[in-house]
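Chain by chain, the residues run as shown.
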Amino acid sequence: MIKSMTGFGRAMVDDGKRSFLVEMRGVNHRYLDMNIRMPKSLMPVEDRVRKVISGYLSRGKVDVFITYRNYTKEDTVVKSNQYLAKGYVDILKNLRDEFTLADDISVSLISRFPDVVFTEEKEENMEEIWTLMAEAVEEAARKMLEMKEVEGASLKNDMLVKADEVRKIVEVIKEKDKEVIPLYKERLENRIKELLETVPVDESRLALEIALYTDKASIDEEITRLLSHMDQMKSFLDETVPVGRKLDFLAQEMNREANTMASKSVDIEITNNVLLIKNEIEKIREQMQNIE
C-alpha cells in the first residue's frame, strides 16, 4: 500500500504507577531521519525506540516527543550533603566569633542553603519501564501509519487521474502528428515549385528530404516511452513495498521524454499539447515527493 511521508500519531499509556505520552510527526525527507526528545533517564532505551519506529516507517523526517510521569513516591529519596553542610556551619561560626553575633545557627537554617538537602530519584528498572513505554511507542507508530496510508491512497488516486489526463493529451498529439508529414510534403512541393517555376520537381530528391525530416521530427519513440512510464508508474503504485525513490527516478524520465518531444516538434498545436503534458507531469512529480 502506498504511504505518504507526512502523518501524526499520538498514544498515552498509564498503569497507575507510571504514564507515557508519545507523539510523532512526520514530513518529507529523502531518508529516514528520527529526532527523539525524551527525559535523560530514558536514554538507555533510545535505540529500542528507534528500532520500533523503523519497523513502521522507511522514509521521512520524524520528530518523536516522549513525556514520562512517575506517580510513585518510593522511587524518590531525600539526601543531604554532609560536607557542604559542615562548610556552611564552619563559615557561620567564624562569622559569629569574628563579629560577636548571636548564636542562632539551627538545622532549619542550614537546610535552606543550596544543595545541602536535595531529592534524588532511585535507579529504576528499565525493563519494567520499557514494557510500558514500548506499548505507547507501538500505538503511536500504528496511528501514524494509518494516517500515512489514508493520505497515500489519496495521493495515488490523484496521480492516476493525472496519468489518465496525460494519456488523453498523448492521443491528441498522435492524431495531430499523422497530419504533420503530409502537410510538410505539400508545403515543400509548393515552395519548390514557386522557386523553380517551370523546372520540374525531382521526386526522388523530394522523397529524400521528406524522409530526412520524418526521421528528425518523429516523436513516436518518445510517445511510446512516455506511455510506458505511465504504465510503470501505475505498476509501482500497486506495490506493497516503499516505492518513493523509484517514482522519483521515473518522474525524471517522464520529463526527459516530454522535453525531447517539445524540442522535436515543428507544429504549434503539438508543442502546446506537450506543454500541457509537462504541466501534468510536474503535478505528478510533486505528489511523488510525498510518497514513502
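Structure shown above.
Keep in mind that this is a model prediction, so the values were computed, not measured. Throughout, a residue's number is its position along its own chain's written sequence, starting from 1. Restriction of local features to residues with pLDDT of at least 70 applies here, the model being predicted, together with a cutoff of 80 or more for giving and counting side-chain atom pairs; totals for whole chains, interfaces and linings are based on all residues. Computation of side-chain values covers all heavy atoms of the structure but excludes hydrogens and water.

Draft legend 1. Just the overall build of the protein chain, in detail. Helical segments are the DSSP runs of H or I of at least four residues, strand segments are the runs of E of at least two, and each set is numbered from the N terminus. A count of helical and extended segments in the protein chain gives eight helices and six strands. Of the regular secondary structure in the protein chain, the N- to C-terminal order runs β-β-β-α-β-β-α-α-β-α-α-α-α-α. Counting only residues that meet the buried cut, the protein chain has 35% of its 292 residues in that class. Between two residues, a contact is recorded if the distance between any of their heavy atoms is within 4.5 Å. Taking contacts inside the protein chain between residues at least 6 apart in sequence as the whole, the part at least 24 apart equals 80%. Of the roughly 17600 Å² that the protein chain leaves accessible, carbon and sulfur atoms contribute 53%. When accessible area is computed with a 1.4 Å probe and restricted to protein chains, residues below 20% of their type maximum are described as buried, those above 50% as exposed, and intermediate ones as partly exposed. Exposure was quantified through the Shrake-Rupley algorithm and a 1.4 Å probe, taking into account, for residues, occlusion by the shown protein chains and nothing else.

Draft legend 2. Structural detail: the packing of aromatic side chains. The aromatic pairing rule takes the rings of Phe, Tyr and Trp, using the six-membered ring of Trp, and pairs them if the centres are within 6.5 Å, calling planes under 30 degrees apart stacked, those over 60 edge-to-face and the rest tilted. A complete count under the given rule lists two aromatic pairs for this structure. Between Phe20 and Tyr68, the aromatic rings sit 4.7 Å apart at their centres with planes inclined by 15°, giving stacked as the arrangement. Taken together, the residues Phe20 in strand E2 (residues 18-27) and Tyr68 in strand E4 (residues 60-70) connect sequence positions 48 residues apart. We classify Phe20 as buried; its relative accessible area is 0%. Among the residues examined, Tyr68 registers a relative accessible area of 11% and is labelled buried.

Draft legend 3. Molecular detail of the sheet that holds strand E3 (residues 32-37). Spatial ordering of the open sheet is given by E1-E2-E4-E3, a layout of four strands whose pairing is mixed. Taken across any chain shown, the strands that pair with only one partner, and hence form the sheet edges, are strand E1 (7-14) and E3. Sheet twist, expressed as the mean angle between neighbouring strand axes with direction ignored, is 15°. Strand pairing is assigned whenever DSSP identifies at least 2 bridges connecting the two strands. Alignment of E1 against E2, held across eight bridges, turns out to be antiparallel. Bridge pairing in E2 places Arg10 opposite Glu23. Structural elements are reduced to axes, namely lines fitted to C-alpha atoms, with helices fitted over the stretch in contact, and the angle between N-to-C directions of any two is expressed from 0 to 180 degrees.

Draft legend 4. Layout of the pattern of salt bridges. We define a salt bridge as a side-chain nitrogen of Lys or Arg found within 4 Å of a carboxyl oxygen belonging to Asp or Glu. Applying the stated rule across the entire model yields 28 salt bridges. Between Arg18 and Glu128 there is a salt bridge whose closest N-O contact spans 3.0 Å. Taken together, the residues span a long stretch of sequence, with Arg18 in strand E2 and Glu128 in helix H4 (residues 126-196) at a distance of 110 residues. Residue Lys174 pairs with Glu171 through a salt bridge whose shortest N-O separation is 3.5 Å. Separated by three residues within a single helix, Lys174 and Glu171 lie in helix H4, roughly one turn from each other. Given a relative accessible area of 38%, Glu171 falls into the partly exposed group. Connected via shared salt-bridge partners are Glu221, Glu222, Arg225, Glu257 and Lys264.

Draft legend 5. Structural detail: the environment of Arg225. Checked against the element boundaries, Arg225 lands in helix H6 (residues 220-237). Accessibility expressed as a relative area gives 35% for Arg225, which makes it partly exposed. Residues Arg225 and Ala258, spaced 33 residues apart in sequence, show a C-alpha to C-alpha distance of 9.9 Å.

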